[in-house]
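Below are the chains, spelled out letter by letter.
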Amino acid sequence: MFIVPSVKLNSGALVPAVGFGTWAGLSVQGREASIAWILTALKAGYRHIDTAQMYGTEHAVGEAIRQSGIPREQFFVTTKLPWNHPGRVKESLDESLKNAGLDYYDLYLIHWPQVLAYEEPKNEDGSTKLAVNPPSLSETWAEMESVLATGKVKNIGVSNFSIKTLEPILKTAKVVPAVNQVELHPYLAQNDLLAYCKDKGIAIAAYSSTGWAPVRNDPTMLAIASKYGVSPARIALAWHLSRGTIAVTASKNIERQKENKDLPTLASEDIQAINALDKGQRLCKGPGPEGKIVGWTLEQLGW
Ligand SMILES: NC(=O)c1ccc[n+]([C@@H]2O[C@H](COP(=O)([O-])OP(=O)(O)OC[C@H]3O[C@@H](n4cnc5c(N)ncnc54)[C@H](OP(=O)(O)O)[C@@H]3O)[C@@H](O)[C@H]2O)c1
């Protein structure tokens, strides 16, 4: 039987290397309905759960944990600071704890490096509205360090950060980020970021980790999947584990939930073949028509 390995964070904490994602779309009904499929995932054995205040599923995660009857301390739960909450990290974390009905989170991430206007993060045309004179990345990181000291979060980290946006944080950090959660799959291997984070002691967590339909239908992925007799999604997840990264994956389907935590060990020639698929292609969050992602150019993001 395959046992999901753990990744050790720079704090010493152990995280199950396959995490279960809880993005549930934008509708209130979809978010409420997520309690049922999060619960089946917990019953299937997932112990690392990924949510965010912006997903609106913190409540569903807390509720599913309670309904599972499994003690809270057996779970590693991650949530994220919304992009319009730098400057009010303490208050925002308290909201996230209240949403879930939890006493603490295991990992708290700055969701994005950009800062949006707090009261109204969108312009009239629907585009994102950046904050005027926002706190710097170092200032927000200092706020994260303050909430770490309260014990309401056990680890702190970042998400969607690049070498360029990590550097200012590391210049002033008292606590090195434990994790950087980024889009990462066989078409976006992020080799430079991986090497940089490894050198600094920052674990990488991959989101969109199966690479969606484009990666799952890639002829190389299909051929390797057929060799091992498993789905291409499981091959992608096994590839993350071979690189020592955490993979966050999601499925509403109980059979796929079970399959995705039962992974083959890939032979080195198969790992090499998957490594060769990298084309720096973003599938989840690409630039809009004006060439920006959440108000920033790719150059500003360091992507
Ligand atoms: N930090 C960030 O900015 C950020 C951004 C995006 C995502 N995330 C986190 O990462 C989580 C996962 O992201 P993701 O949903 O893009 O990852 P993903 O696991 O790569 O993609 C999920 C999709 O793949 C399908 N799928 C899963 N397992 C499958 C399998 N074995 N065979 C075929 N299809 C399969 C699912 O469909 P079914 O439900 O039908 O199985 C679902 O449509 C999110 O829920 C969220 O927690 C974070």
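Rules of the game
Residues numbered from 1 in each chain as written. Predicted model: local features only at pLDDT ≥ 70, side-chain atom pairs only at ≥ 80, totals over all residues. Heavy atoms only, no water. Helix = DSSP H or I, 4+ residues; strand = E, 2+ residues; numbered from the N terminus. Rg over C-alpha atoms; globule rule 2.2 N^0.38 Å. Contact = heavy atoms within 4.5 Å. Lys, Arg positive; Asp, Glu negative; His and termini not counted. Charge placed at Lys NZ, Arg CZ, Asp CG, Glu CD. Core = buried A, V, L, I, M, F, W, Y, C linked by side-chain atoms within 4.5 Å. Buried < 20%, exposed > 50% of the residue type's maximum accessible area, 1.4 Å probe, protein only. Disulfide = S-S within 2.5 Å. Pairing = 2+ DSSP bridges. Axes fitted to C-alpha atoms, helices over the stretch in contact; angles between N-to-C directions. UniProt positions renumbered as here; feature names shortened; annotations may be inferred. Salt bridge = Lys/Arg side-chain N within 4 Å of Asp/Glu carboxyl O.

Participant: Outline the overall build of the protein chain, supporting the account with residue identities and numerical values.
Facilitator: Check the secondary structure of the protein chain and you find twelve helices and twelve strands. Computed over its C-alpha atoms, the radius of gyration of the protein chain comes to 19 Å, within 12% of the 19 Å expected for a compact globule of 303 residues. The dimensions of the protein chain, computed from C-alpha atoms along their principal axes, are 55 × 45 × 40 Å. Once local pairs closer than 6 in sequence are excluded, the contacts in the protein chain between residues at least 24 apart make up 71%. Put simply, the protein chain has 31 plus and 30 minus side-chain charges, and the middle of one group is 3 Å from the middle of the other.

Participant: Describe the nonpolar core, with residues and values.
Facilitator: Most often, soluble globular proteins keep nonpolar side chains buried together rather than apart. Within the largest apolar cluster, 79 residues are counted, with the highest numbers of intra-cluster contacts made by Ile38, Tyr105, Tyr108, Leu166, Val179, Ile235 and Ile274. Leu116, Ile293, Val294 and Leu301 belong to the second-largest nonpolar core, a separate cluster that totals eight residues.

Participant: Describe the state of the cysteines, listing the residues and the values that go with them.
Facilitator: Applying the stated rule across the entire model yields zero disulfides. Cysteine Cys197 is unpaired, with the sulfur of Cys284 as its nearest cysteine sulfur at 18 Å.

Participant: With reference to specific residues and values, describe helix α9 (residues 232-242).
Facilitator: Among the eleven residues in α9, ten count as buried, and that is most of the element. Considered for burial, the residues of α9 that qualify are Pro232, Ala233, Arg234, Ile235, Ala236, Leu237, Ala238, Trp239, His240 and Leu241. Within two residues after α9, Gly244 carries a phi angle of roughly 80 degrees, on the positive side.

Participant: So what about the sheet that holds strand β6 (residues 107-110)? Which residues, and what values?
Facilitator: The eight strands are arranged β3-β4-β5-β6-β7-β8-β9-β10 in a closed barrel whose pairing can be described as parallel. When strand polarity is set aside, the average angle formed by the axes of neighbouring strands in this sheet is 25 degrees. Across four bridges, the pairing between strand β5 (residues 76-81) and β6 is parallel. In the strand pairing of β6, Thr79 is matched with Tyr108.

Participant: Explain the UniProt feature "binding site: substrate" (unreviewed entry) in the protein chain to me, and be specific about the residues and the numbers.
Facilitator: Residues given the UniProt feature "binding site: substrate" (unreviewed entry) here are His111. Locating His111 in the fold gives a position in the loop between β6 and α4 (137-150). Classification of His111 as buried rests on a relative accessible area of 7%.

Participant: How would you sum up the side chain of Gln190? Please name residues and give values.
Facilitator: Looking at where Gln190 falls in the secondary structure, it is placed in the loop between β8 (179-183) and α6 (191-200). According to the relative accessible area criterion, Gln190 is buried, its value standing at 17%. Once you skip the residues sitting within four places of it in the chain, Gln190 turns out to touch Val182, Glu183, Leu184 and Arg282.

Participant: I'd like to hear about the UniProt feature "site: Lowers pKa of active site Tyr" (unreviewed entry) in the protein chain, residue by residue, with values.
Facilitator: Per the UniProt record, "site: Lowers pKa of active site Tyr" (unreviewed entry) is found at Lys80. Along the chain, Lys80 turns up in strand β5.

Participant: How would you sum up the pattern of salt bridges? Please name residues and give values.
Facilitator: If charged atoms from side chains of opposite charge come close, those side chains can pair. Per the stated rule, a full pass over the model turns up nine salt bridges. Here Lys80 and Asp50 are joined by a salt bridge, their closest N and O atoms 2.7 Å apart. With Lys80 in strand β5 and Asp50 in strand β4 (residues 48-50), the pair connects residues that are 30 residues apart, well separated along the chain. Both residues of the pair, Lys80 and Asp50, count as buried. When the shortest N-O distance is used, the salt bridge between Glu63 and Arg66 registers 3.5 Å. A residue pair is termed a helical-turn pair when its members lie 3 or 4 positions apart in one helix, as Glu63 and Arg66 do in helix α2 (residues 58-68) at three residues.

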